[in-house]
Amino acid sequence: MANEPVNKLQSAVTRTTAAIGIKTSVFMESAKIKTHISTLKKEIDTLISELGTMVYTSWENDELVMEQINIHCEQIKAKYINIEELTQEIEKLETQEKEVFGKKKAEESVNAANVAATQYVCSSCNTTYQSPVKFCGKCGTKMS
Ligand SMILES: [Zn+2]
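Presented here is an overview of the structure given in this document. (Residues numbered from 1 in each chain as written. Predicted model: local features only at pLDDT ≥ 70, side-chain atom pairs only at ≥ 80, totals over all residues. Heavy atoms only, no water.)

**Here we look at the overall build of the chain**
Then step 1. Looking only at helices and strands, one finds two helices and two strands in the chain.
Then step 2. Of the regular secondary structure in the chain, the N- to C-terminal order runs α-α-β-β.
Then step 3. Each of the 144 residues in the chain was classed as buried or not, and the buried ones make up 19%.
Then step 4. Within the chain, residue pairs in contact and separated by at least 24 positions form 51% of the contacts whose partners lie at least 6 positions apart.
Then step 5. A total of about 10,400 Å² of accessible surface is found on the chain, and carbon and sulfur atoms cover 58% of it. (Helix = DSSP H or I, 4+ residues; strand = E, 2+ residues; numbered from the N terminus. Buried < 20%, exposed > 50% of the residue type's maximum accessible area, 1.4 Å probe, protein only. Contact = heavy atoms within 4.5 Å. Areas by Shrake-Rupley, 256 points an atom, 1.4 Å probe, with all protein chains shown as cover.)

**Re the coordination of the zinc ion**
Then step 1. Around the zinc ion, the donor atoms from the protein are Cys-122 (SG), Cys-125 (SG), Cys-136 (SG) and Cys-139 (SG), and they sit 2.3 Å away.
Then step 2. Of note is the zinc ion, whose four donor atoms meet at the metal with angles of 106 to 113° in an arrangement that counts as tetrahedral.
Then step 3. Along the chain, the residues that donate to the zinc ion are spaced as C-x2-C-x10-C-x2-C. A residue pair is termed long-range when its members are at least 10 positions apart, and Cys-125 in the loop between β1 (120-121) and β2 (128-129) and Cys-139 in the segment after β2 qualify at 14 residues. (Donors = N, O, S within 2.8 Å, 3.2 Å for Na, K, Ca; no water. Tetrahedral: all angles 85-135°; square planar, octahedral: opposite > 155°, others 65-115°.)

**Quick word on the side chain of His-72**
Then step 1. Here His-72 lies in helix α2 (residues 66-117).
Then step 2. We classify His-72 as buried; its relative accessible area is 7%.
Then step 3. Here His-72 is in contact with Leu-47, Glu-50, Leu-51 and Met-54, once residues within four sequence places are set aside.

**Examining the environment of Gln-96**
Then step 1. Checked against the element boundaries, Gln-96 lands in helix α2.
Then step 2. The partly exposed category is assigned to Gln-96, whose relative accessible area is 44%.
Then step 3. For the pair Gln-96 and Val-26, spaced 70 residues apart in the sequence, the C-alpha separation amounts to 8.9 Å.

**Some remarks on the nonpolar core**
Then step 1. One finds Ile-33, Ile-37, Ile-76, Ile-83 and Leu-86 to be the most contacted residues of the largest nonpolar core, which totals 14 residues.
Then step 2. Elements that contribute at least two residues to this core include exactly α1 (4-61) and α2.
Then step 3. If one sorts the elements of this core by residue count, α1 sits on top with eight residues.
Then step 4. Ignoring any residue separated from it by four or fewer positions in sequence, one finds Leu-86 in contact with Ile-33, His-36, Ile-37 and Leu-40. (Core = buried A, V, L, I, M, F, W, Y, C linked by side-chain atoms within 4.5 Å.)

**With respect to the environment of Glu-43**
Then step 1. Mapped onto the elements of the fold, Glu-43 is located in helix α1.
Then step 2. For the pair Glu-43 and Gln-75, spaced 32 residues apart in sequence, the C-alpha to C-alpha distance is 9.6 Å.
Then step 3. For Glu-43, the side chain forms a polar contact with the side chain of Lys-79, separated by 2.8 Å. (Polar contact = N/O pair within 3.5 Å; in protein donor to acceptor, adjacent residues only side chain to side chain.)

**Concerning the pattern of salt bridges**
Then step 1. Under the counting rule described, the total for this entry stands at two salt bridges.
Then step 2. The shortest N-O distance in the salt bridge between Lys-32 and Glu-29 comes to 3.6 Å. Placement of the pair is Lys-32 and Glu-29 together in helix α1, with a separation of three residues, close to one helical turn.
Then step 3. Given a relative accessible area of 55%, Lys-32 falls into the exposed group.
Then step 4. The class for Glu-29 is partly exposed, based on a relative accessible area of 30%. (Salt bridge = Lys/Arg side-chain N within 4 Å of Asp/Glu carboxyl O.)

**Some remarks on unusual backbone geometry**
A negative phi angle is the norm for most residues apart from glycine, just as the trans form is the norm for most peptide bonds.
Then step 1. For Asp-62, which is not glycine, the phi dihedral falls at a positive 60°.
Then step 2. For Asp-62, the location among the structural elements is in the loop between α1 and α2.

Interpretation in functional terms is not warranted from these geometric data alone.
Spelled out as structure tokens, the structure:
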């Protein structure tokens with residue numbers, strides 16, 4: 001019973017550590033997705049530049065190779081869709097993170113309030129104790 005406030009404090013510390021863990025993994029996950037998106041964007045640039053060369057060569061040779069152009073356009077489209085999905089995934093991760101953090105913060109402050117409420121304060125010198133003590137360790141005032 002005497003240890004209860006200390007345990008509360010420890011669980012608050014554990015919770016903070018868990019929240020930091022979530023933040024780190026969300027950060028790493030979204031960094032990974034962002035790298036993937038920039039790779040896709042580079043691939044799109046390459047495809048578009050190839051497409052330009054292809055169209056120009058077709059025009060110069062007076063024969064339009066629609067089939068190859070179509071394949072290129074479809075690849076580009078697929079990559080744009082992929083980017084959109086990945087962007088949504090990042091947004092989802094960030095929303096999740098905010099929700100988790102909002103909850104943690106609310107819990108944290110309730111916890112802090114509980115710990116503060118169960119502190120034992122010396123009426124003479126204001127030294128606080130996490131568990132009840134008979135005499136203040138600092139000034140010797142009788143406390144319980
Ligand atoms: Zn005291």
